[in-house]
Amino acid sequence: MVSVQGLPEKLDSLEPGSAVALKVDVDSYFEVITALTDKFPRNREMQVIYTTSTISSATIIHVLDAFDISRDNIQFVDAVSYMTMGASKQPEGVTFVESPTMLENISLKIEYLLKKYPADENTVIIDSIDSLSIHNDNRILSEFLHILISNLRSHDCFTFILSVSEQDSEEIDNMLAMVCDDFIEVRPENESGSTEVEM
Amino acid sequence: MADKDYSIIPDKERERCVTGIEALDTILNGGIPRSNSVLVTGSCGTGKTTLSLEFLVHGAIKEENCLFISVTEDSKKMLNNIVPYDFFDQSLIEEGNLSFIDIPDLYDELGLLEKSEFSFKEIDELIAKIEKIVVENDIKRLVIDSVTSVCFQLKTEEKIRDFMLHLMKMLSSHGCTSLLISEISPEEPRYSQYGVEEAIADGIIMMGNLERQGDLLRTLQVVKMRGTDHSRAKYVLDLTAVGVLLVPLLKGGGVKAGSGGGKDG
Ligand SMILES: Nc1ncnc2c1ncn2[C@@H]1O[C@H](COP(=O)(O)OP(=O)(O)O)[C@@H](O)[C@H]1O
Ligand SMILES: [Mg+2]
């Protein structure tokens, strides 16, 4: 376990190509997002590809703007907004996937952004495994993560898979343990915690 | 025609025509074996023309002479379609590596424009005409979009077989790698309109649409490719400004619920 304040330091210690499961408490959610999209990539002049299947990219953009976080190097793959907004209003920096059940298309959009905007280093965030598991069978989901992560690893990308579930799901934890190199549980600021869990 | 018998060359040693579509080259273990005639088959809107144009653009970038023979659509219109590519440069056409021919112009020269059905002799003349262009311009990559439309003028299975066989043999003898586009209706159980093209071709790339629980996915599958090992799996495809992208179709552990197997009695 690491505390929210300790997260940036922990992130800086990761090697390119790492796939990391981040188990996040709901109260720390936005702090974790800002750590992933601001300090971490800024130190390395890194491009961030933020894949959301939980809340709309518009909401995340709103939050980042409120925190004055630059979005110059952030691209969004949004799998929740298409159904409500349609294809017409695709804002700059956002690529829509029609539905969170089109997992292959999520991979294709990530691949597209990596090719379209070549950067020395890249971070891919999957937010979140829980929402994807609502829409997809766990077997297809674990196959998706396997293929995606091995592909991203071959590009030397950092991959973060967020898990923001209120309750523990053993099946999802096992899935993450299978595909990720690291499993970081982020604990809220004022709780005292033990040491982080390494796998 | 100086025939070369490519069948006696071991697969590993066959020179490859690197398509430049990265994922496709990976599926094909390095590319299409050079001089193969490949049927690109699928229903309307599955991306056959787009994929074939990209194949030619990458060839032209490598300074191979590439030719697109357009049968169904005006090639000017075709050009409008490739401009959005990030890697496309108008100079590829202006400096001559990439050229376009509309088949009505060839028919016109051969006096075939008004013919509703070609004779065997006229088929030979058409192939000879294409051969002349291929040889004179040292064409290394060729696309015919579509052969189905040419075959429409041939009517009988015998003539179609004759045309496909001679065309492929001729192209192969000049070391020309070709994508021959075949239009089929979505429900078609086979790979080509007339059934004979698929048997003769060195390779078949099948493009289609797959419906999965209300989602429509574009797919690509290499069904056959002489001269190389290749994946036969189905891939999901996206047509983008950086070209055709492919990822494996997710299977979710194989047997789908309710798709047979079920409870045995
Ligand atoms: N670069 C691209 N980005 C997005 N869509 C594209 C791109 N190129 C082609 N398309 C679309 O893909 C569809 C299929 O194209 P096409 O290659 O003409 O199919 P086919 O030849 O099999 O009928 C067309 O509707 C076209 O508008
Ligand atoms: Mg077409």
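A brief structural summary. Just so you know, these numbers come straight off a predicted model, no measurement behind them.

1. Things to note about the layout of surface pockets
- If you add up the space inside the second largest pocket, you get close to 430 Å³.
- Along the lines of polarity and charge, the residues of the lining of the second largest pocket split into 12 nonpolar, five polar and three charged.

2. Topic: the nonpolar core
- I110, F144 and L176 of chain A are the most contacted members of the largest nonpolar core, which totals 40 residues.
- Elements represented by at least two residues in this core include exactly β2 (19–24), α5 (103–116), β6 (122–127), α6 (129–135), α7 (138–154) and α8 (170–179) of chain A together with β11 (243–248) of chain B.
- Apart from residues lying up to four places away in sequence, F144 of chain A is in contact with L103, I106, S107 and L132 of chain A together with L250 of chain B.
- Formed by 39 residues, the second largest nonpolar core is a distinct cluster that contains I101, I139, L167 and M170 of chain B.

3. Quick notes on the sheet that holds strand β3 (residues 47–52) of chain A
Residue and element names in this part refer to chain A.
- Taking strand neighbours across the sheet as the criterion, the eight strands line up as β1-β8-β2-β7-β6-β3-β4-β5 in an open arrangement whose pairing is parallel. Taken across any chain shown, the strands that pair with only one partner, and hence form the sheet edges, are β1 (2–3) and β5 (94–96).
- Both β6 and strand β7 (residues 158–163) contribute to a ladder of five bridges, which runs parallel. Bridged to I125 within β7 is F160.
- Most of the contacts of α5 go to β3, to which it runs at about 165°, and overall it touches β3, β4 (74–78), β5 and β6.
- Its contacts with the sheet put α8 on β2, β7 and β8 (182–187), and the angle it makes with β2 is roughly 155°.

4. Brief notes about the site of ligand 1
Residues and elements named next belong to chain B.
- In the region of ligand 1, the neighbouring residues are S43, C44, G45, T46, G47, K48, T49, T50, R218, L239 and T240.
- T46 is positioned such that a nitrogen or oxygen atom in its backbone is 3.2 Å from an oxygen atom of ligand 1.
- Here L239 contributes a backbone N or O atom positioned 3.1 Å from a nitrogen atom of ligand 1.
- For ligand 1, the accessible surface in isolation is 570 Å², of which the surrounding protein chains cover 61%.
- Put simply, the parts of the chain that give the shell around ligand 1 at least two residues each are α2 (48–61) and β10 (234–240).
- Counting residues per element, the shell around ligand 1 draws most heavily on α2, at three residues.
- Tallied by class, the residues present in the shell around ligand 1 amount to two nonpolar, seven polar and two charged.

5. Looking at the state of the cysteines
Residue and element names in this part refer to chain B.
- The final tally for this structure, using the stated rule, is zero disulfides over all chains.
- Summary of cysteine pairing: C151 is not part of a disulfide, and the nearest cysteine sulfur, belonging to C176, is at 18 Å.
- The thiol sulfur of C176 is not disulfide-bonded, and the nearest other cysteine sulfur, from C17, lies at 8.7 Å.
- Of the residues examined, C176 reaches a relative accessible area of 0% and is grouped as buried.

6. Digging into the packing of aromatic side chains
Residue and element names in this part refer to chain A.
- Applying the stated criterion across every chain, the model contains seven aromatic pairs over all chains.
- Consider the rings of F40 and F158, whose centres lie 5.1 Å apart with planes at 85°: the pair is edge-to-face. Of the two residues, F40 sits in helix α2 (residues 29–44) while F158 sits in strand β7, which places them 118 residues apart along the sequence. Of the two residues, F40 and F158, neither departs from the other in class, the shared state being buried.
- Ring centres 5.6 Å apart and planes at 40° place the aromatic pair Y50 and F76 in the tilted group. Separated by 26 residues along the polypeptide, Y50 in strand β3 and F76 in strand β4 bring together distant segments of the chain.
- Members of the aromatic cluster, each reached through a chain of ring pairs, are F40, F158 and F160.

7. A short note on the packing of α5 of chain A against α7 of chain A
All names here are of chain A.
- For the pair α5 and α7, interaxial distance at closest approach is 10 Å and the crossing angle is 15°. Considering the angle they form, α5 stands roughly parallel to α7. The chirality of how α5 crosses α7 is right-handed. From α5, L103, I106, S107, I110, E111 and L114 reach across to α7, where they touch I140, L141, F144, L148, N151 and L152.
- Its residues placed into classes, the contact of α5 with α7 shows nine nonpolar, two polar and one charged.

8. Observations regarding the interface of chain B and chain A
- Residue-level contacts link 22 residues of chain B with 18 residues of chain A.
- The interface formed by chain B and chain A contains four salt bridges.
- Put simply, chain B and chain A have eight residue pairs in polar contact (both at pLDDT 80 or more) between them.
- Of all elements in the fold, only β9 (215–225), β10 and β11 of chain B reach the threshold of two or more residues within the side of chain B that touches chain A.
- Each residue belonging to the side of chain B that touches chain A can be placed in one class, and the counts come to 13 nonpolar, three polar and six charged.

9. Looking at the environment of G45 of chain B
All names here are of chain B.
- Relative to the helices and strands, G45 resides in the loop between β3 (37–42) and α2.
- Its relative accessible area of 47% is what places G45 among the partly exposed residues.
- The spacing of G45 and N209 is 164 residues in sequence and 9.1 Å in space, taken between C-alpha atoms.

About the cut-offs
Residues numbered from 1 in each chain as written. Chains lettered and ligands numbered in written order. Predicted model: local features only at pLDDT ≥ 70, side-chain atom pairs only at ≥ 80, totals over all residues. Heavy atoms only, no water. 1 Å grid on protein atoms, 1.4 Å probe; cavity = no way out; pocket = protein on both sides within 12 Å on 5 of 7 lines; lining within 4 Å. Points joined across faces, edges and corners; volume = space filled by probe spheres on them. Nonpolar A, V, L, I, M, F, W, Y, C, P; charged D, E, K, R; others polar. Core = buried A, V, L, I, M, F, W, Y, C linked by side-chain atoms within 4.5 Å. Buried < 20%, exposed > 50% of the residue type's maximum accessible area, 1.4 Å probe, protein only. Helix = DSSP H or I, 4+ residues; strand = E, 2+ residues; numbered from the N terminus. Contact = heavy atoms within 4.5 Å. Pairing = 2+ DSSP bridges. Axes fitted to C-alpha atoms, helices over the stretch in contact; angles between N-to-C directions. Near = heavy atom within 4 Å. Polar contact = N/O pair within 3.5 Å; in protein donor to acceptor, adjacent residues only side chain to side chain. Areas by Shrake-Rupley, 256 points an atom, 1.4 Å probe, with all protein chains shown as cover. Disulfide = S-S within 2.5 Å. Phe/Tyr/Trp six-rings, centres within 6.5 Å; stacked < 30°, edge-to-face > 60°. Parallel < 35°, antiparallel > 145°, perpendicular 65-115°, else oblique. Left-handed = near helix turned anticlockwise from the far one by under 90°. Salt bridge = Lys/Arg side-chain N within 4 Å of Asp/Glu carboxyl O.

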